Amino acid sequence: MKELKPITNKLLWIFALGQFGWSLLSGIVSNWMVYYYTGIPSEQNPNTGVFASGITQSPILFKLTLFGLVLAAGRIFDAITDPLIAGWSDRSNYKGGRRIPFMRAMAVPFSLCTIGLFVLPQTGSIGLNDTILFILLMVFYLFMTMFCTPYNALIAELGDTQQHRINVSTFISFTFILGQSISFLLPNVAGALEPGVGQQNSIRYSVAIMATMACISMLIPAFYIRERDYIDSKPSETAPFKSLAKTFSNGQFRRFVYSDVIYFFALTLFQTGLAFYETQLMEIEDTWTFVLTATMTAISVALYPVVNILAKRMGKKPLIITGFFSYCIVFGITTMCGKGLHWGFIIAVTAAIPMAILGILPQACVADVAEVTRLETGEDRSGMFFAARTFAFKMGQALALVTFTSITSSQTKQSYRTTALLAFITCFIGAVIFFTYKEKAILERIRDLKNGRANKTSFYKKKLP
């Protein structure tokens with residue numbers, strides 16, 4: 001049997017570069033597509049809705065807009081393909097490993113598709129633009145799934161110990177926030193380019209520059225990490241949807257997912273509305289978005305070592321619950337905020353705490369459940385556990401996108417406040433549900449199985465206390 005190389009923090013940091021890349025691409029689409037494709041420009045923010053005239057804007061059913069339905073359809077398609085790609089990855093036996101070959105193949109087309117979303121739906125026909133936008137979004141989410149699902153599976157596989165699981169979750173949380181933060185620089189970069197290339201092209205060139213950065217960041221770990229040197233993986237023999245069903249039959253995993261779906265519904269409402277909260281409620285220029293995000297990110301990153309240490313000492317569950325309630329405070333402040341830049345800084349500082357906690361620890365929880373299942377069954381289905389999680393929370397994101405675009409179709413200040421209030425209510429519910437997750441029992445089970453002090457009666461047959 002081939003001796004595996006030790007997993008080091010250096011390796012985990014290189015792996016985390018991939019998270020920076022895909023989070024930057026995801027941030028460009030999730031943070032700016034709604035802003036540039038809907039809304040009404042103003043003297044202070046002339047780029048709001050700069051591409052809006054090219055697609056259908058009026059509600060087509062009740063208050064549901066075509067753009068909102070297209071975005072939601074993209075997330076639903078993304079969710080459905082997750083278990084298919086996860087099953088493909090879990091069952092693969094490529095020379096380069098079960099995960100890395102997908103990452104190598106998808107980095108470039110994923111980046112190109114992101115650029116296309118801001119370039120191609122610009123013909124003279126609104127109907128054709130609607131069709132192009134729909135197709136591109138489906139392809140974008142497909143490519144994102146084909147990169148991210150195998151990538152996320154490596155979190156559990158490189159996290160071979162509890163310490164490594166928390167460390168890799170910390171590192172990828174940092175690079176995720178960094179990628180999201182850089183995406184908020186889009187208006188600033190576009191503003192610098194606009195005198196030379198014009199208003200619309202400045203946005204397209206800015207997207208292209210950021211997509212190139214993202215592509216390079218995804219390719220580095222894909223070609224640096226030799227998966228077979230670190231992981232002794234065997235292909236799973238379980239069919240994708242059977243594997244998905246087995247995954248959701250795990251009671252502890254379901255409890256985690258219930259709260260996770262609600263949390264992502266609330267967070268997506270907030271993230272989608274962030275640019276509007278700042279420009280419509282606080283009445284500040286959209287170029288301040290990066291400054292506020294950078295402030296929030298800097299404070300959050302400063303808290304990472306604290307979260308990392310506390311998670312190892314007191315467990316992940318109490319910290320995650322604290323993160324839920326902290327976000328409730330953030331959403332509540334947003335509901336009541338008024339005009340002025342100071343509101344933006346209040347929200348940025350307050351949001352740094354839950355961002356640090358919930359950016360790190362949920363992935364480690366999924367890795368814990370995947371690890372105990374591997375020890376019980378001898379079958380490594382890490383890809384499916386992370387895909388099942390993303391399948392569930394993407395359904396929540398899809399619902400949030402439809403909800404946001406429907407509530408804000410009137411484009412009034414009160415409609416934006418309503419979305420923040422709804423985020424507050426749903427996040428509170430998610431916190432209450434997470435109280436039922438039994439982290440201590442899961443970690444004890446892992447220790448007992450590794451030390452030979454427990455039989456391998458599966459979670460599926462024997463529920464945790």
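Owing to the predicted nature of the structure, the values given are computational and were not obtained by experimental measurement.

Draft legend 1. Layout of the side chain of threonine 175. Tracing the backbone shows threonine 175 in helix 5 (residues 162-183). A residue is classified by how much of its surface remains accessible, and threonine 175, at 4% relative accessible area, is buried. Side-chain polar atoms of threonine 175 contact the backbone oxygen of alanine 16, separated by 2.8 Å. In contact with threonine 175, other than residues within four places in its own chain, are Ala16, Leu17, Gln19, Phe20 and Ser23.

Draft legend 2. Geometry of the packing of helix 14 (residues 382-407) against helix 15 (residues 413-434). Two elements in contact, helix 14 and helix 15, have axes separated by 9 Å at closest approach and are oriented at 150 degrees. Compared by their axis directions, helix 14 and helix 15 come out roughly antiparallel. In this structure, helix 14 uses Thr403, Phe404 and Ile407 to contact helix 15, whose residues at the interface are Ser415, Tyr416, Thr418, Thr419 and Leu422. Split into classes, the residues belonging to the contact of helix 14 with helix 15 amount to four nonpolar, four polar and no charged.

Draft legend 3. Representation of helix 16 (residues 439-450). Here helix 16 is twelve residues long and its end C-alpha atoms lie 17 Å apart, about the 16 Å a rise of 1.5 Å per residue gives. Of all the residues in helix 16, the buried ones are Glu439, Ala441, Ile442, Leu443, Arg445, Ile446 and Leu449. Residues of helix 16 that are buried sit in contact with helix 5, helix 10 (251-281), helix 12 (317-336) and helix 13 (341-377). Downstream of helix 16 by one or two residues, glycine 452 has phi in the positive range, about 70 degrees.

Draft legend 4. Layout of the state of the cysteines. Throughout the structure, instances matching the rule amount to zero disulfides. The structure places no disulfide on cysteine 215, whose sulfur is separated from the nearest cysteine sulfur, that of cysteine 113, by 13 Å.

Conventions we followed
Residues numbered from 1 in each chain as written. Predicted model: local features only at pLDDT ≥ 70, side-chain atom pairs only at ≥ 80, totals over all residues. Heavy atoms only, no water. Helix = DSSP H or I, 4+ residues; strand = E, 2+ residues; numbered from the N terminus. Buried < 20%, exposed > 50% of the residue type's maximum accessible area, 1.4 Å probe, protein only. Polar contact = N/O pair within 3.5 Å; in protein donor to acceptor, adjacent residues only side chain to side chain. Contact = heavy atoms within 4.5 Å. Axes fitted to C-alpha atoms, helices over the stretch in contact; angles between N-to-C directions. Parallel < 35°, antiparallel > 145°, perpendicular 65-115°, else oblique. Nonpolar A, V, L, I, M, F, W, Y, C, P; charged D, E, K, R; others polar. Expected span 1.5 Å × (residues − 1). Disulfide = S-S within 2.5 Å.

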